[in-house]
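# Analysis of the macromolecular model
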Amino acid sequence: MTPPCREWVNASIRRIEMERTRCAETHLLKVELPSMPGLTLYLKDETTHLTGSLKHRLARSLFLYALCNGRIGPNSTVVEASSGSTAVSEAYFARLLGLRFVAVMPRTTTAEKQAEIVANGGEVHLVDEPGEIYAAAIRIADETGGCYLDQFTFAERAVDWRVDNIAQSIFHQMSEEEHRVPTWVVCGAGTGGTAATIGRYIRYRGLTTRLCLADPVESVYHRHMADRNVRTWRGRSVIEGIGRPQVEASFVADLIERTIAVPDAASIAAARVMSRFIGRSCGGSTGTNLWASLLIMQEMAAAGERGALVTILCDSGERYRSTLFEDTWLAKRKLSCAPYQRQLEAMLAVPDVSSDPARPEPIQAPPPRARVGG
Ligand SMILES: *Cc1c(COP(=O)(O)O)cnc(C)c1O
């Protein structure tokens, strides 16, 4: 590729910086759990980004990184391998710069996300196996003379881990709270970029906070944490955005101090129950985060500890309306959430709202909600 025109690159970087300045930071929601006094759960609500997920931050950083490395010019086709959320955000930034964008995704990616990519002016290229996305993206970039953004390699280095990132925002937003340094931050790993940023920031600022990885049972990452020689796993999780078939280059294992493997059905139950409980719709990976967070909080409560735990509301359940929130879809895949749902409702002291045919439903007030934001 001939070096892109510097004037165009400069103008494009300016456009992205202007976009950043127009955007607000995302909220940190405070959730009090009546069953666990002395402990507070905080949710970093990334759904309020313009493109609906934490990937808005990553997409912005990846475009800036590629521009500053001379990898994108005015005629570049931009290509990405994605399970969906990254592609939605990248389609938005490609349109901001007037570039063609192609997302390579597994065929199982929800129709909702595919529609959002198209709505943002992107093109969708589907492959049959999740492991095929990388090679297909490289091929399309080669054929078009375009730029493969490659989130799985560049996420950890395109994002600045010292300033201006999700970790700095979280710890700033915690600074007036009763427990201003959380005992734990819990997050999942897709690229691993978010975990790397938070883990590095914690060390950089000398904080005592510990980082826990919440990982789907069918993902390679928790296996890799137990045995660093394991680098691939042929599992199938229905939780999009996290869990991978291979350890990605952006995953920094040494920053993670604990790992909790979460069954998909538990993640889905947590996404459903917590969506009702906090009154904000949560996607599947948020359910994974919440299940792991509640396990840790139960341990803390049992040990008589007080403190705060922060986790991430990665994207909205609206993106999974036709899948994780659809009973027939779950039944077809033999995913039984009911036992986990009952466990969660007991944990949260929420009355069981699932209908019991033996007992006529009384007319119910809306299910109690957590006090959020108080
Ligand atoms: C990407 C993603 C994650 C994980 O974030 P990484 O920084 O890539 O590890 C979690 N949830 C959703 C919905 C995502 O799209």
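Source: prediction; values computed, not measured.

## Observations concerning the overall build of the chain
Tallying secondary structure elements over the chain gives 13 helices and 10 strands in all. For the chain, the C-alpha radius of gyration of 21 Å lies close to 21 Å, the compact-globule estimate for 374 residues. The C-alpha extent of the chain, read off along each of the three principal axes, is 70 × 45 × 45 Å. Split into buried and exposed, the 374 residues of the chain put 55% on the buried side. When the accessible surface of the chain is summed, it comes to about 16400 Å², and 50% of that surface belongs to carbon and sulfur atoms. Computed over 43 positive and 42 negative side-chain charges, the separation of the two mean positions in the chain equals 2 Å.

## Quick word on the side chain of His56
Here His56 shows up in helix 2 (residues 55–68). Using a relative accessible area of 0% as the deciding quantity, one classes His56 as buried. Filtering out sequence-adjacent residues up to four positions away, His56 remains in contact with Glu19, Cys23, His49, Leu50, Thr51, Ser89, Tyr92 and Phe93.

## A word on the site of the ligand
The ligand sits among 15 residues. The nearest are Lys55, Gly190, Thr191, Thr194 and Ser285. For the ligand, whose unbound accessible area comes to 370 Å², protein coverage reaches 96%. If you map the ligand onto the pockets, it falls in the second largest pocket. For the shell around the ligand, the per-class residue count stands at four nonpolar, nine polar and two charged.

## Looking at the sheet that holds strand 8 (residues 210–216)
The six strands lie next to each other as 1-2-10-7-8-9, forming an open sheet whose pairing is mixed. The open sheet terminates on both sides in strands that have one partner only, identified here as strand 1 (27–32) and strand 9 (258–262). Strand-to-strand, the axes of this sheet are offset by a mean angle of 25°, without reference to chain direction. The sheet contact formed by strand 2 (residues 39–45) and strand 10 (residues 307–313) spans seven bridges and is parallel. When the bridges of strand 10 are listed, Leu39 appears paired with Gly307. In this fold helix 7 (residues 166–173) packs onto strand 1, strand 2, strand 7 (184–187) and strand 10, with an angle of close to 140° to the strand it touches most, strand 2.

## Examining the domain arrangement of the chain
With domains assigned, the chain is organised as domain 1 (24–49 + 157–348) and domain 2 (56–156). For domain 1 and domain 2, the distance between their C-alpha centroids amounts to 25 Å. Listed per partner, the contact involves 31 residues of domain 1 and 25 residues of domain 2. Where domain 1 abuts domain 2, roughly 2400 Å² becomes buried across the two surfaces, and 47% of that area is made up of carbon and sulfur atoms. The interface formed by domain 1 and domain 2 includes seven salt bridges. Here Glu116 and Arg319 are joined by a salt bridge, their closest N and O atoms 2.8 Å apart. Breaking the side of domain 1 that touches domain 2 down by element, the ones donating at least two residues are helix 6 (151–158) and helix 8 (193–204). The element that contributes the greatest number of residues to the side of domain 1 that touches domain 2 is helix 8, accounting for three residues. For the side of domain 1 that touches domain 2, the per-class residue count stands at seven nonpolar, 11 polar and 13 charged.

Rules used in this analysis
Residues numbered from 1 in each chain as written. Predicted model: local features only at pLDDT ≥ 70, side-chain atom pairs only at ≥ 80, totals over all residues. Heavy atoms only, no water. Helix = DSSP H or I, 4+ residues; strand = E, 2+ residues; numbered from the N terminus. Rg over C-alpha atoms; globule rule 2.2 N^0.38 Å. Buried < 20%, exposed > 50% of the residue type's maximum accessible area, 1.4 Å probe, protein only. Areas by Shrake-Rupley, 256 points an atom, 1.4 Å probe, with all protein chains shown as cover. Lys, Arg positive; Asp, Glu negative; His and termini not counted. Charge placed at Lys NZ, Arg CZ, Asp CG, Glu CD. Contact = heavy atoms within 4.5 Å. Near = heavy atom within 4 Å. 1 Å grid on protein atoms, 1.4 Å probe; cavity = no way out; pocket = protein on both sides within 12 Å on 5 of 7 lines; lining within 4 Å. Sits in = over half its atoms within 2 Å of the grid points. Nonpolar A, V, L, I, M, F, W, Y, C, P; charged D, E, K, R; others polar. Pairing = 2+ DSSP bridges. Axes fitted to C-alpha atoms, helices over the stretch in contact; angles between N-to-C directions. Domains from an automatic or database assignment. Buried area = accessible area lost by both parts, 1.4 Å probe. Salt bridge = Lys/Arg side-chain N within 4 Å of Asp/Glu carboxyl O.

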